[in-house]
Amino acid sequence: MKRLTIITLIAAFAAVTTGCATDEYGNRQPMTDAQKGAIIGAVGGGLAGAAVGSYMDSQKQDLEKVLASEVQAGAIEIRKLDQHNLLITMTSQTSFDFDSTAIKPGFYTTMDKIANVLVRYGKTHLTVVGHTDNVGTNQYNQTLSEHRAQAVNDYLRNKGVLLQRLESLGRGETAPRAANATEEGRRLNRRVEIVVEPIVTETQNPAPG
């Protein structure tokens, strides 16, 4: 029998700066069978077997190619989280003004590049995650992070990314990459990330008997 599943990111990934916290996205509610089926149907079937790795590697290479200048300037980071999942990080220096939920107009070109690649690699699920520093109350920062994530989500959808592929959430100040004691650390913590996961169709043999 066949079972349709979405690979979900449950493993924690360590931040790149010494002394910063470990982040994880395993707090999302598991998808129902109906939700999984809707996503599989929307993208015209999932990936299977060795195709998963090559698909995600090609996507990473294309992102690195079109975003080479942004990566060099420190505006964008692209890396693997594990064997297949990718993480695209947009820094606050380029994507949002301080205390603002509106994407900077100067960042639209970069967003367009990201969207174009994500549209072409349609067999992926995208979780947009907003983060803040610790300036302000916990509740304020949580709301700010959610609104920033939703702004990126909406931008991608308006550029042709299917709604069924998109999810957004805010982590507020709970998942810093660096200490908030310095402005540089706070700048690193003010960010929006896109977790890119392959949509996978698994074929399983029926149990014996």
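All values derive from a computational prediction rather than experimental measurement.

So, how was this worked out
Residues numbered from 1 in each chain as written. Predicted model: local features only at pLDDT ≥ 70, side-chain atom pairs only at ≥ 80, totals over all residues. Heavy atoms only, no water. Buried < 20%, exposed > 50% of the residue type's maximum accessible area, 1.4 Å probe, protein only. Helix = DSSP H or I, 4+ residues; strand = E, 2+ residues; numbered from the N terminus. Pairing = 2+ DSSP bridges. Axes fitted to C-alpha atoms, helices over the stretch in contact; angles between N-to-C directions. Parallel < 35°, antiparallel > 145°, perpendicular 65-115°, else oblique. Left-handed = near helix turned anticlockwise from the far one by under 90°. Contact = heavy atoms within 4.5 Å. Nonpolar A, V, L, I, M, F, W, Y, C, P; charged D, E, K, R; others polar. Core = buried A, V, L, I, M, F, W, Y, C linked by side-chain atoms within 4.5 Å.

A. Seen up close, the pairing of strand 5 (residues 86-91). Among the 6 residues of strand 5, 6 are classified as buried, and the element is accordingly described as predominantly covered. Judged by which residues are buried, strand 5 turns out to be covered on both faces: L86, I88 and M90 on one side and L87, T89 and T91 on the other are all buried. Sheet analysis places strand 4 (residues 76-80) next to strand 5, joined by 5 bridges and oriented antiparallel. Within strand 5, the residue paired with I78 across the bridge is I88. Counting the residues between successive antiparallel strands, the hairpin from strand 4 to strand 5 contains 5 residues.

B. Quick look at the packing of helix 5 (residues 108-120) against helix 6 (residues 138-158). At their nearest, the axes of helix 5 and helix 6 sit 9 Å apart, and the two run at 60 degrees to each other. Relative to helix 6, helix 5 is oriented oblique. As for how helix 5 packs across helix 6, the hand of that crossing is right-handed. For the pair helix 5 and helix 6, the contacting residues are Y108, M111, D112, A115 and L118 in the first and V152, Y155 and L156 in the second. In terms of residue class, the contact of helix 5 with helix 6 is made up of 7 nonpolar, no polar and 1 charged.

C. Region of the structure containing the nonpolar core. If you look at the biggest cluster of nonpolar residues, it comprises 33 residues, and the most contacted ones within it are I76, M90, V152, L156 and I194. For this core, the secondary structure elements donating two or more residues are helix 2 (51-66), strand 4, strand 5, helix 5, strand 6 (124-131), helix 6 and strand 8 (191-203). Here this core gets 5 residues from one element, more than from any other, and that element is helix 5. Among residues more than four places away in sequence, those in contact with I194 are L86, L87, I88, M90, I114, L126, T127, V128, V152 and L156. Of all hydrophobic cores here, the second largest spans 5 residues; its members include L81, L87, V129 and L169.

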